[in-house]
Amino acid sequence: MKPSGINSIKAKKTIFLLPSFSAIMWCGKIYCRSINRIEKINSTDEIDSTLKSHEMIHVRQAQAMNDSWLRFYWNYIISYIKNLPLITINSKAPYLLLPVEIEAYINENNLKYAEKNQPLYGWKKYKQLTLKDKREIASELFKANTRKKLSSLVNKHLKDKKL
Ligand SMILES: [Zn+2]
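Residues numbered from 1 in each chain as written. Predicted model: local features only at pLDDT ≥ 70, side-chain atom pairs only at ≥ 80, totals over all residues.

Caption draft 1: Summary view of the sheet that holds strand β2 (residues 23-26). One open sheet holds the 3 strands; their spatial order is β1-β3-β2, and the pairing between them is mixed. The sheet terminates laterally at β1 (10-13) and β2, the two strands that pair on one side only. With strand direction ignored, the average angle separating the axes of adjacent strands in the sheet is 30°. Where β1 and strand β3 (residues 29-32) come together, 4 bridges link them in parallel fashion. Looking at the pairing, Lys 10 lines up with Lys 29 of β3. Packed on one face of the sheet, helix α1 (residues 35-42) meets β1 and β3 and runs near 155° to β1. (Pairing = 2+ DSSP bridges. Helix = DSSP H or I, 4+ residues; strand = E, 2+ residues; numbered from the N terminus. Axes fitted to C-alpha atoms, helices over the stretch in contact; angles between N-to-C directions. Contact = placed C-beta atoms within 7 Å.)

Caption draft 2: Summary view of the environment of Gly 122. Residue placement: Gly 122 occurs in the loop between α5 (99-107) and α6 (123-126). For the pair formed by Gly 122 and Ala 64, sequence separation is 58 residues and the distance between their alpha carbons is 9.9 Å.

Caption draft 3: Main features of the nonpolar core. Counting 34 residues, the largest nonpolar core has Leu 97, Ile 102, Ala 114 and Ala 138 as the members making the most contacts within it. Contributions of two or more residues to this core are made by β3, α2 (50-64), α3 (69-83), α5, α6, α7 (131-144) and α8 (150-158). Those residues in contact with Ala 138, other than ones at most four positions away along the chain, are Leu 86, Ile 89, Asn 90, Ala 93 and Leu 97. (Core = buried A, V, L, I, M, F, W, Y, C linked by C-beta atoms within 7 Å. Buried ≥ 20, exposed ≤ 12 C-beta atoms within 10 Å, placed from the backbone.)

What follows is the structure in structure tokens.
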């Protein structure tokens, strides 16, 4: 299904999950092991959790990329490769500092952020962060051991750039 055709986040059961993952998301769907969790997610079309909110943000971002999952995941892989040097700081740093993940993590607590069926372009400004910026952000972030600081750290580095 094209991203623009998705208006609620649904969950499906999967047995193909590494033990370290409780859920994975792929093309606007959540895959998890727990039946209870699946039922809870599917019980309403509303965006009523940060998990659904996070995934819906990715759906709207994919709408902004020619309404194409292929474009979205291609961009994701390329950005991940560019972030690979950050792996020396923390194994999760290359993932967490992807432009699309920065937008998703900063805004996932606002359950209304991706509510409207409209493309989201917020991730574009985070493409301006250099590897040096991201290195500094990652060092601070994992020192603090909290994702709550992500927003303030990213904004500090963006402040001097022309948007
Ligand atoms: Zn994400």
